[in-house]
Amino acid sequence: MSHHEIILSAPRDLADGGAPAILQRSDEDFIEAVLASLRDAKGRVALRHSLARAAAVAVGTDSRPRSRRSGGRELFDKLRAASRQLGLAGGRVADEPAVPNAQERVEAVRRAAEGVQVLKLFQPIQRQFNLAVMEARCDTPGEPRIDPTRVDSAGMVIRRLVRDAGGREVKQGWMRAGESLKGWAHIATAADGASSGNRHDPEALRRLARPTTGQAVLDREVSALLAAQDDALLNESVVPMFLAPPDVCQAAAATLFYGLIPTTSSEKAEAGAPAFDEAAFGPTSDDFKAHLVGPLAGLADVFPRPGRALTPDLAAIAGNPADPDRSAMKRLLLLLRQLAVEFDAFADGAEGDALMTVLNGIALPLADAAGKPVEGSRPAGDFLAAASRILLNAESLSPAPSIPAGWPALDATTRESLARALSACLHLRFDAVAGVAGRFDDQDARYVLRAFVRLKPEGNCPARTVWGDYSPAFVIAPWYEGSGAPPVQVPLPDPGDREMLKKLKPNVAFTVPASMQNLLSGDPLDLMDGKKPADSGLKLGWICSFNIPIITICAFIVLNIFLSLFDLFFRWMMFIKICIPFPKKSGGDS
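The notes below deal with the structure included here.

About the criteria used
Position numbers for residues start from 1 in each chain and track the written sequence from start to end. Local features in this predicted model are restricted to residues of pLDDT 70 or higher, and side-chain atom pairs are both shown and tallied only at a pLDDT of 80 or more, whereas totals for entire chains, interfaces and linings draw on every residue. Side-chain figures throughout are based on the complete set of non-hydrogen atoms in the structure, without hydrogens or water. In this text, helices come from DSSP runs of H or I with a minimum length of four residues, and strands from runs of E with a minimum of two, each type numbered from the N-terminal end. Accessibility here uses a 1.4 Å probe with only protein chains present; expressed as a share of the type maximum, an area under 20% marks a residue as buried, one over 50% as exposed, and anything in between as partly exposed. Two residues form a contact once any of their heavy atoms are found within 4.5 Å. Where accessible areas are quoted, they stem from the Shrake-Rupley method and a 1.4 Å probe; at the residue level, only the protein chains shown are allowed to cover. Axes, fitted as lines to C-alpha atoms, cover a helix only where it is in contact. Angles between the N-to-C directions of the axes lie from 0 to 180 degrees. For classification purposes, an angle smaller than 35 degrees is called roughly parallel, one larger than 145 roughly antiparallel, one from 65 to 115 roughly perpendicular, and anything else oblique. The classification used treats Ala, Val, Leu, Ile, Met, Phe, Trp, Tyr, Cys and Pro as nonpolar, Asp, Glu, Lys and Arg as charged, and all other residues, Gly among them, as polar. The way it works is a 1 Å grid over only the protein atoms, where trapped points that fit a 1.4 Å probe form a cavity and open points with protein on both sides within 12 Å along at least five of seven lines form a pocket, and then any residue with an atom within 4 Å of a point lines it. Grid points are joined across faces, edges and corners, and a volume is the space filled by probe spheres set on the points. The reported arc concerns the directions from the helix axis to the C-beta atoms and nothing else. Note: crossing handedness is left-handed where the near helix turns anticlockwise from the far helix by less than a right angle, and right-handed where it turns clockwise. In this description, a nonpolar core means a group of buried Ala, Val, Leu, Ile, Met, Phe, Trp, Tyr and Cys residues linked to one another through side-chain atoms lying within 4.5 Å. Side-chain atoms alone can form a polar contact between residues adjacent in sequence; in general such a contact is a pair of N or O atoms within 3.5 Å, and within protein one must be able to donate a hydrogen while the other accepts it. Each residue after the first adds 1.5 Å to the expected span of a helix. Salt-bridge detection follows one rule: a side-chain nitrogen of Lys or Arg within 4 Å of a carboxyl oxygen of Asp or Glu. By convention, a stacked pair of Phe, Tyr or Trp rings (six-membered ring in the case of Trp) has centres within 6.5 Å and planes under 30 degrees apart, an edge-to-face pair has planes over 60 apart, and any other such pair is tilted. Any Lys NZ or Arg CZ found within 6 Å of a ring centre and within 35 degrees of that ring's normal is scored as a charge over the ring.

1. Description of the overall build of the chain
Per the secondary structure count, the chain includes 19 helices and 20 strands. For the chain, with 590 residues in total, the buried portion stands at 36%. Within the chain, contacts between residues separated by at least 24 positions form 74% of all contacts whose residues are at least 6 apart in sequence. Per element, the accessible surface of the chain, about 34700 Å² overall, is 58% carbon and sulfur.

Written out as C-alpha cells, the structure is:
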C-alpha cells in the first residue's frame, strides 16, 4: 500500500494556482461570511471580489514555484481536462471573459512599467483582515476531495524574502529553538522546494522522526547525524489552518481549510537588534564626517564671551539677535548637544572614558577678562563636560569655569582618533535606543506564505507533510496608510447647548503635582513670554476632574487650527480633511 499524491490549491471557482487564496475582508463576522460563500460555486465566484489587491513594488518578484508532474501522468491530465469540460468534480465555473476597456489597458501597462505586482495586506488596526483559504483533494482521476479523517493538522508558514550577497532571492522563516526566539533564519534550498514528506516539516521533532531500520545502532547514528545539522532543532512559526465545518465541506464537495494571516506581531527576536551600518556611517565614511559639527570635524572655531565666567544665563545669548556673540553661542550649544545627546559623551562607561581621553588631549587656549589670549590652556573634555551641565542643564557650578578663547584646528591624527571614539559612543547609543527588531517591523520587507497538511499514517505508510505552492509575494501596509475602510465616526456634543453641558459630568481625573499646578495657575501671557510664575510656597497636590468629550472638543479645535497653519507648507488639507454636510435629525412621528 502506498500514498497517492495530494493536491493543495486555492478553492476551485475562487482562484487558480497551488497556493491558498488570500481574501481581504473588513466585516466583523468575516469568517462566517466566507464559510457561507464557500458552500457553492456561485458564492465562491462572488468571493473573487474579496481577493487581496495588488500593489506595485519596484523590485517585487513572483516567487511561486510551479508544481512539476511526472511524465507518466498524461492520462490523468486528459481525464482532468475532460472532467472540467463536463462540469464534473475537478472542474471550475468560469465567468464570462471580461473585455478590458482602453483605460484598463493603459492602467495595466502603467502597472507593468512600474514593476512586478505584489499583494498588499493590511493590519487589524486598519480594520482589514486577511484570510487564507485552500482546498485539499486527491491527485487521482476526477480529483475527489480528501477524506478529512486522514488529516492530522494543517497550517501555513510566512516567510520573508531577502537577497543574499550574490543578489539571489532567498527565503527566511521565523524560527524558535526551544524557549529561545531566534527570529528570521535562512530556509535551506532543499526545504524550500520540498513538496511532500516529513523531512521538511516546520516542527523539529517531526523532521527528526524517521522510520526505524530495525538496527538500533544504525538508528542512533542516523538520529545523531540529523540532529547535528545547523537547523535541526529550529521550529518554524506555524499559523494554524482550520478545517471548515462538515456541512460546508459537504455542500461544497470539497475539503476546505482556512486560517487568519497575521500582519502584526508583538514577538521580538532575542539578540535581534538591527545592525549598525558601519560601512555607511562608520568613522571613515563621508556621511559621518559631514554630520559632525565643525569642532568635532577638526575645524577651528571661536567661543562666545571668552574669558568670562560660564553661567547658565549666558545660554540666552543664542536667542538675542542683537548680540554679536549670538552665532558663536549657537555653535557652542550645538556642539554640546551633539556630544551629550547623540554620543552620550559624558556618561560613565568605557566608551565615554575613551572619548574624554581624546577630548582632554585637545588644549583650548585661555583668554583674560577682556577676551584677549593669555598663556595657558584647558583640556577640552573637562570644559565641555562642565559647559554641558551649565548651559544645557542650567546648573550653577562653583567656582564657575572661565570660557576659553576658542577651539583649535585639529591635525589628521587627532581627527582620526576623535572620529573613532565618537563612533564607538554612537554604537553604544544605537544599541541602547534602537531596540529589538520585531517580526514585521521592516516596512519594506516582502513576504510569501505556504500552506501544508499533515496526513496521518495509513497501514505501512508513515505520516507525512504535504506542501502547497508559495503565494504571490506580499507587503504589509504601514499602520498609518488608508485601507479603504470607512472612517470611524466620533459624535461630539454641541458646546452651545447649555442643557447638554450640564449633563457632561467629569469622568476622568488627573493627579497634578504642586509644581505643575503652580505653573498652570500663573498668568497665561507670562507663560507665553517665557516667564515662570513665582513659587507660592504651597506644596499641595491637586486632583483635577474633566469631561472626556470636552477634552475631545478642545483637541478638535486645536487640531483644526494647526492643520490650517501647516497647510501653508504641506498643502495637505484637500487630502487629510474631508467635511460634508448632513441634515440634522428632527423630531416627529416619522
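2. A look at unusual backbone geometry
Cis peptide bonds are those with omega within 30 degrees of zero, and the linkage from serine 398 to proline 399 qualifies with -5°. Here proline 399 is to be found in the loop between helix 13 (380–392) and strand 15 (406–407). Here arginine 127, not a glycine, exhibits a phi torsion of approximately 60°, which is positive. With respect to the helices and strands, arginine 127 occurs in the loop between strand 4 (117–121) and strand 5 (129–138). With a relative accessible area of 33%, arginine 127 lands in the partly exposed category.

3. Quick look at the packing of helix 11 (residues 326–342) against helix 14 (residues 412–434)
Contact geometry for helix 11 and helix 14: axes closest at 10 Å, N-to-C directions at 50°. Classified by the angle between their axes, helix 11 and helix 14 sit oblique to one another. For the pair formed by helix 11 and helix 14, the contact residues are Leu339, Ala340, Val341 and Glu342 on the first element and Leu422, Leu426 and Arg429 on the second. Taken together, the residues of the contact of helix 11 with helix 14 sort by class into five nonpolar, no polar and two charged.

4. Here we look at the layout of surface pockets
In this structure, the largest pocket spans a volume of roughly 1400 Å³. Lining the largest pocket are 25 residues, with Gln489, Val490, Pro491, Phe556 and Phe582 sitting closest to its centre. Ranked by residues supplied to the lining of the largest pocket, first place goes to helix 18 (residues 548–570) with six residues. Of the residues assigned to the lining of the largest pocket, the class counts are 18 nonpolar, three polar and four charged.

5. Describing helix 1 (residues 30–37)
Taken residue by residue, helix 1 has Phe30, Val34 and Leu35 as its buried positions. Seen along its axis, helix 1 keeps its buried residues to an arc of 130°; they face one direction. Tucked inside the fold, the buried residues of helix 1 contact strand 2 (21–25), strand 5, helix 8 (246–252) and strand 11 (255–260).

6. Focus on the packing of helix 12 (residues 350–360) against helix 14
Close contact between helix 12 and helix 14 brings their axes to 9 Å; oriented N to C, the two are set at 155°. Between helix 12 and helix 14, the angle is such that the two are roughly antiparallel. Between helix 12 and helix 14 lies a crossing whose hand is left-handed. Counted together, Glu351, Gly352, Leu355, Val358 and Leu359 of helix 12 and Ser417, Leu418, Ala421, Leu422, Ala424, Cys425 and Leu428 of helix 14 form the full contact between these two elements. Grouping the amino acids of the contact of helix 12 with helix 14 by side-chain chemistry returns nine nonpolar, two polar and one charged.

7. Re the nonpolar core
In this structure, Leu296, Trp407 and Leu422 are the most contacted members of the largest nonpolar core, which totals 39 residues. Those elements that place two or more of their residues in this core are helix 11, helix 12, helix 13 and helix 14. If near-sequence neighbours (up to four positions away) are discounted, leucine 422 is found in contact with Phe288, Leu292, Leu296, Leu339, Phe343 and Leu355. Ranked by size, the runner-up nonpolar core spans 33 residues in total, among them Leu8, Cys138, Val151 and Ala269.

8. Things to note about the side chain of serine 9
By the element assignment, serine 9 lies in strand 1 (residues 6–9). At 2.7 Å, the side chain of serine 9 forms a polar contact with the side chain of arginine 137. Not counting chain neighbours up to four residues away, the residues in contact with serine 9 comprise Gly17, Gly18, Ala19, Met134, Glu135 and Arg137.

9. Remarks on the pairing of strand 2
Strand residues, when the strand is regular, have side chains that alternate between the two faces of the sheet. Of all five residues that make up strand 2, five are buried, and the element is covered over most of its length. Burial along strand 2 is two-sided: Ala21, Leu23 and Arg25 and Ile22 and Gln24, pointing in opposite directions, are all buried.

10. Topic: helix 13
Its 13 residues give helix 13 an end-to-end C-alpha distance of 17 Å, which sits within 8% of 18 Å, the value for a rise of 1.5 Å per residue. Listed as buried for helix 13 are Ala380, Gly381, Phe383, Leu384, Ala386, Ala387, Ser388, Ile390 and Leu391. For helix 13, the elements touching its buried residues are helix 11, helix 12, strand 13 (363–367), strand 14 (373–379) and strand 15. Of the residues trailing helix 13, alanine 394 is marked for its positive phi of about 60°.

11. A short note on the pattern of salt bridges
For the structure on display, the rule yields 24 salt bridges. For lysine 268, the salt bridge goes to aspartate 441, with nearest N and O atoms at 3.7 Å. On the criterion of sequence distance, the pair formed by lysine 268 in the loop between strand 11 and helix 9 (278–281) and aspartate 441 in the loop between helix 14 and strand 16 (446–455) is long-range, its members being 173 residues apart. Classification of aspartate 441 as partly exposed rests on a relative accessible area of 44%.

12. Overview of the packing of aromatic side chains
For the structure on display, the rule yields 16 aromatic pairs. Look at tryptophan 174 and tryptophan 184: their rings are 5.2 Å apart centre to centre, the planes differ by 70°, and that puts the pair in the edge-to-face class. With tryptophan 174 in strand 7 (residues 169–177) and tryptophan 184 in strand 8 (residues 180–186), this residue pair connects regions lying 10 residues apart in the sequence. Note on tryptophan 174: relative accessible area 2%, which makes it buried. The rings of Trp174, Trp184, Phe440, Tyr447 and Phe474 are connected pair by pair, giving a single aromatic cluster. Geometry around tyrosine 470 places lysine 171 over its ring, the cationic atom sitting 4.5 Å from the centre. Just above the ring of tyrosine 470 sits the side chain of arginine 450; from NZ or CZ to the centre is 5.0 Å.

13. Things to note about the environment of threonine 414
Note that threonine 414 resides in helix 14. In this structure the C-alpha to C-alpha distance between threonine 414 and leucine 359, which are 55 residues apart in sequence, comes to 9.2 Å.

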